[in-house]
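Take a look at the letters that make up each chain.
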Amino acid sequence: MGKLKVLIVDDEPIARDILESYIQQLPQLQLVGMCKNALEAIPFIGRGEVDLLLLDINMPEITGIEFVKMMRQLPWLVFTTAYSSYAVESYELNAVDYLLKPISFDRFSIAINKVLSLKKLTSAGGTQNDAHIFVKTDGRLVRINLADLWMVEGLKDYVKLHLKTGKLVVHSTMKNMEDSLAAYQGFVRVHKSYIVNMQYATEMDANIIYVNNQPIAIGSTYKADVLQALKQYKLL
């Protein structure tokens, strides 16, 4: 799978610079252009040069929302804005994600992982076993193959990734990890401190699920989701 070609559309120079710096940190991305308004983006999209559009909403001349409504075809779309009031409408326009400024690198990465998952699923020969995400640890980006990830464990401001090859501690939150994994089949949050890969689940006993032969408590808030996942994987 080739690099994801990204176009930034934002009237604020600082916002464009921040997004450009984030793109440069992710090797699977390629920046193809930066536009000060939505109309400048039309030639890029018309030539088929864009896989992902990072689109601000509040811009002069024409807003991001108006631009999307006037276009017949668009690449994958992620809105970037300082206003939360447009969230519902953005998802009605089939946006992959909605990033609220100021945008952190972690939150940006979550959105990119969602788009990469969609690209993989629509690409010829793409399989779930090929899926991966990038996490930042010790100042470097590390690729995590999701087929090797059997559990995520919350540790206050950190999470511990349990992998076939060992364990990796990452500065992140359970919510961020849950959002990152949401686009991939099989990952279910079973407790406020645990997300598990159902491919590794073997049995369930009352309020305990066994994943990779390790017993993990099921929180009452998450039990319905766990039961649904077990049915899907024919473990019930």
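Everything below is about the structure printed above this text.
In this report, the structure presented in the accompanying data block is examined. Since we're looking at a predicted model, the values are computed, not measured. Along each chain, the written sequence defines residue order, and numbers are assigned to residues from 1. For a predicted model such as this one, the threshold for reporting local features is a pLDDT of at least 70, and the threshold for listing and counting side-chain atom pairs is 80 or more; totals across whole chains, interfaces and linings nevertheless cover every residue. Note: side-chain values were computed over all heavy atoms of the structure, leaving out hydrogens and water.

**Thoughts on unusual backbone geometry**
Thought 1: The omega torsion of the bond from lysine 101 to proline 102 falls at -5 degrees, within 30 degrees of zero and hence cis.
Thought 2: The secondary structure listing takes helices from DSSP runs of H or I that are at least 4 residues long and strands from runs of E that are at least 2 residues long, numbered from the N terminus. Mapped onto the secondary structure, proline 102 falls in the loop between strand S5 (97–100) and helix H5 (105–122).
Thought 3: In this structure, lysine 156 is a non-glycine residue whose phi angle is positive, near 55 degrees.
Thought 4: Within the secondary structure, lysine 156 sits in the loop between strand S8 (149–155) and strand S9 (158–163).
Thought 5: One non-glycine residue, asparagine 213, lies in positive phi territory at about 70 degrees.
Thought 6: Inspection of the secondary structure assignment puts asparagine 213 in the loop between strand S14 (208–211) and strand S15 (214–217).
Thought 7: Residue burial is assigned from relative accessible area. The probe radius is 1.4 Å, only protein chains are included, and a residue is buried under 20% of its type maximum, exposed over 50%, and partly exposed in between. Judged by its relative accessible area of 66%, asparagine 213 is exposed.

**Re helix H6 (residues 174–181)**
Thought 1: Of all 8 residues that make up H6, 6 are buried, and the element is covered over most of its length.
Thought 2: Looking only at H6, the buried set comprises Met174, Asn176, Met177, Asp179, Ser180 and Leu181.

**Re the pairing of S8**
Thought 1: Counted residue by residue, S8 has 6 buried out of 7 residues, so it is predominantly covered.
Thought 2: Pairing between strands requires that DSSP locate at least two bridges from one strand to the other. Summarising the sheet, S8 and S9 pair through 6 bridges and their orientation is antiparallel. By the bridge assignment for S9, leucine 155 is matched with tyrosine 158.
Thought 3: Linkage of S8 to S9, two consecutive antiparallel strands, is achieved through a turn of 2 residues, within which lysine 156 is found at a positive phi near 55 degrees.
Thought 4: Here 3 bridges tie S8 to strand S12 (residues 194–197), and the two strands are oriented antiparallel to one another.

**Some words on the environment of glutamate 49**
Thought 1: Within the secondary structure, glutamate 49 sits in the loop between helix H2 (42–46) and strand S3 (52–56).
Thought 2: The class of glutamate 49 is partly exposed, set by a relative accessible area of 26%.
Thought 3: Once the C-alpha coordinates of glutamate 49 and leucine 146 are considered, the two residues, 97 residues apart in sequence, prove to be 29 Å apart.
Thought 4: With sequence-adjacent residues up to four places away left out, glutamate 49 is seen in contact with Lys5, Val32 and Phe44. Working rule for contacts: check all heavy atoms of both residues, and any pair within 4.5 Å makes them a contact.

Coordinates in, geometry out; function isn't part of it.
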